[in-house]
Amino acid sequence: MKAVLKKLLTFIITVLLVTLFVFVAFEMIPGDAATARLGINATPEALEKMREEMGLTRPFFVRYFSWLGSFFFGDMGVSYSYGVSVRSMLASKLPITLTLTLMAFIMVVVLSIPIGLYSSKYEDRVFAKVIDVSGQLVMSIPPFFLGILVTYVFGMLLHMFTPGGFVSYDINFGKFISYLIFPALAIAVPKAAMSTKLLKTSILSERRLDYVRTAYSRGNSTMDVLYKHVLKNAVIPVITFLGMTLADIVAGSLVIEQVFSIPGYGRLLISSIANRDYPVVQAIIAIIAMIVIFINLLVDVTYQVLDPRLRGN
Amino acid sequence: MKNLMFRIRKNPEMYIGAAIIVVMLAIIICGVIFSPYDPDAMDASAKFADPSPAHPMGCDNFGRDLYARLSIGGATTLFIAVATVFIGVIFGIIIGALTGYYGGVVDEILMRFNDAVLAFPSILLALVFISLFGSGTFKVIISLGILFIPSFARIVRSEFMRCSKLDYVRSARLMGAGDLRIMFVHILPNIIPVLLSSTVIGFNNAVLAEASMSFLGIGVQPPSSSLGRMLSEAQAFLFSEPSYAIITGVTIALIVLGFSLLGDGLKKNA
């Protein structure tokens with residue numbers, strides 16, 4: 001219980017630190033929000049009035065906490081470029097980025113665990129070696145190039161999807177999912193290769209330990225030892241990795257969205273950076289950062305459930 | 001000769017990685033020095049020309065020689081990576097050495113801060129910096145450089161903490177060596193093997209980060225070219241001229257593969 005409280009406290013502190021960082025970063029931008037709203041030709045008096053109205057004259061920490069408070073209640077300000085609330089801009093795009101991330105994550109798990117098990121069980125077979133080498137090659141392909149290759153092979157040669165033909169979830173959910181399979185694949189394959197490699201090395205090093213010999217000597221079959229004893233321990237470092245991967249996938253989807261022209265958070269973020277639409281940039285960065293921190297918390301908790309050695313003190 | 005074969009067999013990653021890097025560097029340097037074409041010179045008659053003795057890799061959508069562009073783009077990417085890693089390593093060593101050697105409250109605060117930064121996906125931080133500083137070659141270098149400091153600082157710190165308790169440091173102290181001398185003359189040379197492998201891996205990440213940012217259009221700005229930028233230009237012609245995208249992408253992938261193999265190999269040796 002104490003450990004959980006401590007984790008929760010660290011979580012809160014990290015959220016505060018990160019949001020403070022995001023807030024400070026955007027405070028430092030030359031030219032303030034009032035100028036951005038009124039344009040550079042505004043009179044000093046009008047600017048002063050606007051600053052007063054927007055609350056920019058209040059002390060720093062008051063502004064930070066009021067920003068944070070309204071952020072958590074869903075008020076993320078108004079977009080400079082479109083004049084609509086940031087919240088409404090982000091709400092419609094959240095399902096897109098979330099679905100893409102989840103699909104990619106499921107693919108990583110589904111691909112890497114069986115392959116990792118296979119290649120550690122039959123490490124001397126030629127096929128296991130082929131998996132090793134191709135994994136190494138796949139890992140060095142930059143995600144956006146892999147996206148382009150996937151577009152070329154599946155979209156243009158095999159005609160399995162229409163590149164650029166994204167369909168939104170509220171129009172046709174089936175088509176939405178079937179379009180996202182390919183970008184998800186482009187995100188998932190290199191991560192799956194990494195997690196396969198990790199699972200394999202982890203299983204191989206676990207298998208050398210004494211408890212495995214004991215388990216065999218008590219008459220357990222190979223399958224029993226592998227699944228009931230070794231896997232439980234070997235999967236722990238892989239879970240850390242998967243947690244980090246989930247965070248990476250969230251960030252990686254920003255790039256892949258650009259390759260496949262998916263109108264999710266990534267494209268919005270990039271275009272908002274180009275347009276200097278800071279409220280949007282600030283909101284997206286803060287949301288993604290919080291998702292990442294939350295995932296880290298989940299990973300920590302999962303550990304404690306899986307590994308009794310970490311419980312207690 | 002036999003000795004070399006033995007060493008290659010013992011650590012094939014390192015030698016294969018080094019070989020890939022040497023070949024890629026040779027291709028890029030030859031292109032920069034010997035290519036007769038101006039990488040920005042357009043030639044309407046050579047639009048999407050096939051590879052030929054005159055244009056070894058063909059031409060792009062403006063009839064610019066692809067080999068000349070690829071080598072200048074590769075050189076830009078590598079230059080950014082070197083500069084970025086340089087910033088990261090220098091500041092990483094200074095911060096890591098001071099915190100690891102002295103410890104204390106400053107160390108605690110800096111490391112908590114470090115953890116918070118490292119918890120962020122790096123591309124996201126790079127985007128924050130770019131939206132603050134604006135895009136362009138030098139701004140990319142500064143953004144990525146700052147981003148690389150924490151990971152180097154952490155590695156250097158843990159090595160300094162380990163070494164500062166070893167006998168040779170104690171004897172140096174007994175002989176009256178000052179703190180700075182101990183840090184930079186005695187400890188630093190001993191952590192170079194560890195630092196070297198992480199520098200190479202950092203280099204790999206820098207190439208990837210620069211390429212992603214330029215691909216997204218927020219890194220290197222035209223008229224400068226970099227591999228990531230070229231790839232995003234090539235994507236538009238993927239259907240009609242797939243070789244443009246594939247040549248550019250494979251170049252990036254080979255550079256990354258070379259450095260990641262070399263880094264793995266050096267880690268094994270360290």
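What you see is a predicted model; the values in this text were computed from it and never measured.

Reading the values: rules and limits
Here the residue numbers are simple positions, counted from 1 along each chain's written sequence. Naming scheme: in the order in which they are written, chains are lettered from A and ligands are numbered from 1. Under the rules for a predicted model, residues below a pLDDT of 70 receive no local features and side-chain atom pairs below 80 are neither given nor counted, while totals for whole chains, interfaces and linings still include all residues. Only DSSP runs of H or I covering at least 4 residues are called helices, and only runs of E covering at least 2 are called strands; the numbering of each starts at the N terminus. Counting other C-beta atoms within 10 Å of a residue's own tells you its class, since 20 or more makes it buried, 12 or fewer makes it exposed, and anything in between is partly exposed; those C-beta atoms are placed from the backbone. Any pair of residues counts as being in contact when their C-beta atoms, constructed from backbone geometry, are within 7 Å of one another. Segment limits for the domains were obtained from an automatic or database-derived domain assignment. Gly counts as polar in this scheme, as do all residues outside two lists: the nonpolar Ala, Val, Leu, Ile, Met, Phe, Trp, Tyr, Cys and Pro, and the charged Asp, Glu, Lys and Arg. What counts as an axis is a line fitted to C-alpha atoms, over the stretch in contact for a helix, and the angles between N-to-C directions run from 0 to 180 degrees. Here a crossing is called left-handed whenever its near helix is offset anticlockwise from the far helix by less than a right angle, and right-handed whenever the offset is clockwise. For classification purposes, angles smaller than 35 degrees are called roughly parallel, those larger than 145 roughly antiparallel, those between 65 and 115 roughly perpendicular, and all remaining angles oblique. Expected helix span is taken as 1.5 Å per residue step, with the number of steps being one fewer than the number of residues. We define the bend at any residue as the angle between the axes fitted to the seven residues before and including it, ending there, and the seven starting there. The pLDDT score gives, residue by residue, the confidence of the prediction method on a 0 to 100 scale.

*Asks:* Could you clarify how one ought to interpret the overall build of chain B in this entry?
*Replies:* Along its length, chain B carries ten helices and zero strands. The linear arrangement of helices and strands in chain B, starting from the amino end, is α-α-α-α-α-α-α-α-α-α. By principal-axis analysis of the C-alpha atoms, chain B measures approximately 75 × 55 × 25 Å. Buried residues in chain B amount to 45% of all 270 residues.

*Asks:* Help me understand the overall build of chain A, please; the structure alone is not making it clear to me.
*Replies:* Counting its regular elements, chain A contains 13 helices and zero strands. The helix and strand sequence of chain A, counted from the amino end, reads α-α-α-α-α-α-α-α-α-α-α-α-α. Summarising its shape, the C-alpha atoms of chain A cover approximately 85 × 55 × 30 Å along the three principal directions. Taking all 313 residues of chain A together, the buried fraction comes to 35%. Long-range pairs, those at least 24 residues apart, make up 70% of the contacts in chain A between residues at least 6 apart in sequence.

*Asks:* Help me understand unusual backbone geometry in this model?
*Replies:* The general pattern is negative phi for most residues beyond glycine and trans for most peptide bonds. Residue and element names in this part refer to chain A. Positive phi outside glycine occurs at Ser261, with the angle close to 40°. You can see Ser261 is positioned in the loop between helix 11 (222–259) and helix 12 (265–275). For Ser261, a count of 12 C-beta atoms within 10 Å puts it in the exposed group.

*Asks:* Even after reading the chapter, I still don't get the domain arrangement of chain A, so can you show me in this structure?
*Replies:* Residue and element names in this part refer to chain A. Each assigned domain of chain A is listed with its residue range as follows: domain 1 (2–72) and domain 2 (94–310). Between the C-alpha centres of domain 1 and domain 2 the distance comes to 34 Å. Considering every element that reaches the side of domain 1 that touches domain 2, the biggest residue donor is helix 1 (residues 2–27), with nine residues. Partitioned by chemical class, the residues of the side of domain 1 that touches domain 2 number eight nonpolar, two polar and one charged.

*Asks:* It is not clear to me how the packing of helix 3 (residues 66–102) of chain B against helix 8 (residues 179–215) of chain B should be interpreted in this structure. Could you clarify?
*Replies:* The packing of two helices is summarised by the inter-axis angle and the distance between the axes. Residue and element names in this part refer to chain B. As a packed pair, helix 3 and helix 8 sit with axes 8 Å apart at the nearest point and diverge in direction by 145°. Relative to helix 8, the crossing made by helix 3 is right-handed. Along the contact surface, helix 3 presents Thr77, Ile80, Ala81, Thr84, Val85, Gly88, Val89, Ala97 and Tyr101, while helix 8 presents Asp179, Met183, Thr199, Gly202, Phe203, Ala206, Val207, Glu210 and Ala211. Taken together, the residues of the contact of helix 3 with helix 8 break down into eleven nonpolar, five polar and two charged.

*Asks:* Would you take a moment to explain the interface of chain B and chain A for this structure?
*Replies:* Often, the extent of an interface is quoted as the loss of accessible area on bringing the components together. At the interface, 29 residues of chain B touch 33 residues of chain A. When residues of the side of chain B that touches chain A are traced back to their parent elements, those giving at least two are helix 4 (104–119), helix 5 (122–133), helix 8, helix 9 (227–235) and helix 10 (242–269) of chain B. In terms of residue count, helix 10 of chain B provides more of the side of chain B that touches chain A than any other element does, eight residues in total. Here the residues of the side of chain B that touches chain A sort into 24 nonpolar, five polar and no charged.

*Asks:* What should I look at first to understand the environment of Ile284 of chain A in this one?
*Replies:* All names here are of chain A. Relative to the helices and strands, Ile284 resides in helix 13 (residues 278–306). A tally of 25 C-beta atoms within 10 Å means that Ile284 is categorised as buried. Between the C-alpha atom of Ile284 and that of Val189, which follows or precedes it by 95 residues, the distance is 26 Å. Dropping the residues within four chain positions of it, Ile284 is found in contact with Leu90, Tyr265, Leu268 and Leu269.

*Asks:* Where do I start with the packing of helix 3 of chain B against helix 10 of chain B in this structure?
*Replies:* Residue and element names in this part refer to chain B. Contact geometry of helix 3 with helix 10 gives a least axis separation of 11 Å together with a crossing angle of 30°. The orientation of helix 3 relative to helix 10 falls into the category roughly parallel. Relative to helix 10, the crossing made by helix 3 is right-handed. For the pair formed by helix 3 and helix 10, the contact residues are Leu66, Leu70 and Gly74 on the first element and Tyr244, Ile247, Thr248 and Thr251 on the second.

*Asks:* Just to check I follow, could you spell out the environment of Ile93 of chain B for this structure?
*Replies:* Take Ile93 of chain B: it is sitting in helix 3. Through-space distance from the C-alpha of Ile93 of chain B to that of Arg157 of chain B is 8.0 Å; in sequence the pair is 64 residues apart.

*Asks:* Just checking my understanding: could you explain the environment of Lys228 of chain A for this structure?
*Replies:* All names here are of chain A. Mapped onto the fold, Lys228 is located in helix 11. We classify Lys228 as exposed; it has 12 C-beta atoms within 10 Å. Sequence separation between Lys228 and Ala215 is 13 residues, and the spatial gap between their C-alpha atoms is 9.9 Å.

*Asks:* What exactly am I supposed to notice about helix 11 of chain A here?
*Replies:* For an α-helix the count is 3.6 residues per turn, leaving residues at separations of three or four pointing the same way. All names here are of chain A. Helix length check: helix 11 (38 residues) gives 45 Å between terminal C-alpha atoms against 56 Å at 1.5 Å per residue, more than 12% under. At Leu231, helix 11 shows its maximal bend, which comes to roughly 50°. Taken from the residues just after helix 11, Ser261 is the one with a positive phi, measuring 40°.

*Asks:* For this particular structure, what's the right way to read the confidence of the model for chain A?
*Replies:* Should the pLDDT be low somewhere, the predicted coordinates at that spot are not to be read in detail. Across chain A, the average pLDDT comes to 81, with 94% of residues at 70 or higher. Averaged pLDDT values for the elements of chain A fall to 66 in helix 2 (residues 33–38) of chain A and rise to 88 in helix 6 (residues 94–121) of chain A.

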